[in-house]
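# A closer look at the structure
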Amino acid sequence: MLFRSETQRLFNQKKYLTVLEKVEAYDNSEALSLGPLFLKGLSLIKIGRLDEAEIVFKQLTVEFPSNPEPFNNLAYIYFQKGDLKKVRKTLEGALATNNSYRIIFENLGILFSQLASEAYKKAMQNEISVEDSLPQLSLVLKISNFEERSEEHTSELQSQPD
């Protein structure tokens, strides 16, 4: 317990390299619990060593599969690397561990916003001709016509004598 509180204190002081040194030294002597390994992964993220952090968080998802936090942080790494398919798959894995974990839903919202933004940018890069947009326009006009017909039908009903 002392080791865990010491690594947490060092992490809170932003001494990420020291956290890594302590965890590595301890790791060689005996198996680590979730807390120190989690801090190791976070420290690696903080100093920009995403590939190493990815390995740590993958290991944590295997060793502690009922904890959503390692899945979430693994998804964070994939997001930083731009691999949105892996982000989605990993966040869905996190939901399987705890479907009421608020941050997962927040991160899924951010992911879907990013996917929508990329889809929009891609669509704008393609030159869309008027002919390509007609089916959408036609659909909009049909909905509008339906509403107008509904209004006409309603006014006919209202104007009939009793």
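## Describing the overall build of the protein chain
Secondary structure summary: the protein chain contains eight helices and zero strands in total. When its helices and strands are written in sequence order, the protein chain yields α-α-α-α-α-α-α-α. The long-range fraction of contacts in the protein chain, counting pairs at least 24 apart against all pairs at least 6 apart in sequence, stands at 45%. Summing over all exposed atoms, the protein chain offers an accessible surface of approximately 11300 Å²; the carbon and sulfur share of this is 54%.

## Describing the nonpolar core
Formed by 29 residues in total, the largest nonpolar core has its most connected members in Phe-11, Val-19, Leu-42, Phe-57, Leu-60, Val-87 and Leu-91. Listed by contribution, the elements that provide at least two residues to this core are α1 (2–12), α2 (16–29), α3 (34–46), α4 (50–63), α5 (68–81), α6 (84–97) and α7 (102–125). It is α3 that contributes the most residues to this core, six residues altogether. Apart from the residues lying within four places of it in its own chain, the contact partners of Leu-91 are Asn-72, Ala-75, Ile-104, Asn-107 and Leu-108.

## Description of the confidence of the model for the protein chain
Across the protein chain, the average pLDDT comes to 78, with 73% of residues at 70 or higher. Confidence, expressed as mean pLDDT per element, reaches its minimum in the protein chain at helix α8 (residues 130–159) with 44 and its maximum at α4 with 95. In this model, residues 133–162 is a region of pLDDT below 50 whose contacts with residues beyond four sequence positions or in other chains number one contact.

## Considerations on the pattern of salt bridges
In this structure the tally under the stated criterion is nine salt bridges. Between Asp-51 and Lys-81 there is a salt bridge, with the nearest N and O atoms lying 2.5 Å from each other. Separated by 30 residues along the polypeptide, Asp-51 in helix α4 and Lys-81 in helix α5 bring together distant segments of the chain. For Arg-88, the salt bridge is made with Glu-92, and the minimal N-O distance between the two is 3.1 Å. Here Arg-88 pairs with Glu-92, and both are found in helix α6, just four residues apart, close to one helical turn. Taking the relative accessible area as the measure of exposure, Arg-88 reaches 38% and is therefore partly exposed. Residues participating in the shared-partner salt-bridge network are Asp-51, Glu-54, Lys-58 and Lys-81.

## As for the environment of Arg-88
Arg-88 sits 20 residues away from Leu-108 along the chain, and the two C-alpha atoms are 7.2 Å apart. Not counting the four nearest positions on each side in its chain, Arg-88 is found in contact with Leu-111 and Phe-112.

## Observations concerning the packing of α4 against α5
As a packed pair, α4 and α5 sit with axes 9 Å apart at the nearest point and diverge in direction by 150°. Here α4 is positioned roughly antiparallel relative to α5, judged by the angle of their axes. In this structure, α4 meets α5 at a crossing whose hand is left-handed. Here Leu-50, Asp-51, Ala-53, Glu-54, Phe-57, Lys-58, Leu-60 and Thr-61 of α4 lie close against α5, whose contacting residues are Pro-70, Phe-71, Asn-73, Leu-74, Ile-77, Tyr-78, Gln-80 and Lys-81. Partitioned by chemical class, the residues of the contact of α4 with α5 number nine nonpolar, three polar and four charged.

## Topic: unusual backbone geometry
Phi is positive for Lys-14, which is not a glycine, with a value near 65°. Relative to the helices and strands, Lys-14 is located in the loop between α1 and α2.

What counts, and where the lines are drawn
- Residues numbered from 1 in each chain as written.
- Predicted model: local features only at pLDDT ≥ 70, side-chain atom pairs only at ≥ 80, totals over all residues.
- Heavy atoms only, no water.
- Helix = DSSP H or I, 4+ residues; strand = E, 2+ residues; numbered from the N terminus.
- Contact = heavy atoms within 4.5 Å.
- Areas by Shrake-Rupley, 256 points an atom, 1.4 Å probe, with all protein chains shown as cover.
- Core = buried A, V, L, I, M, F, W, Y, C linked by side-chain atoms within 4.5 Å.
- Buried < 20%, exposed > 50% of the residue type's maximum accessible area, 1.4 Å probe, protein only.
- pLDDT = per-residue confidence, 0-100.
- Salt bridge = Lys/Arg side-chain N within 4 Å of Asp/Glu carboxyl O.
- Axes fitted to C-alpha atoms, helices over the stretch in contact; angles between N-to-C directions.
- Parallel < 35°, antiparallel > 145°, perpendicular 65-115°, else oblique.
- Left-handed = near helix turned anticlockwise from the far one by under 90°.
- Nonpolar A, V, L, I, M, F, W, Y, C, P; charged D, E, K, R; others polar.

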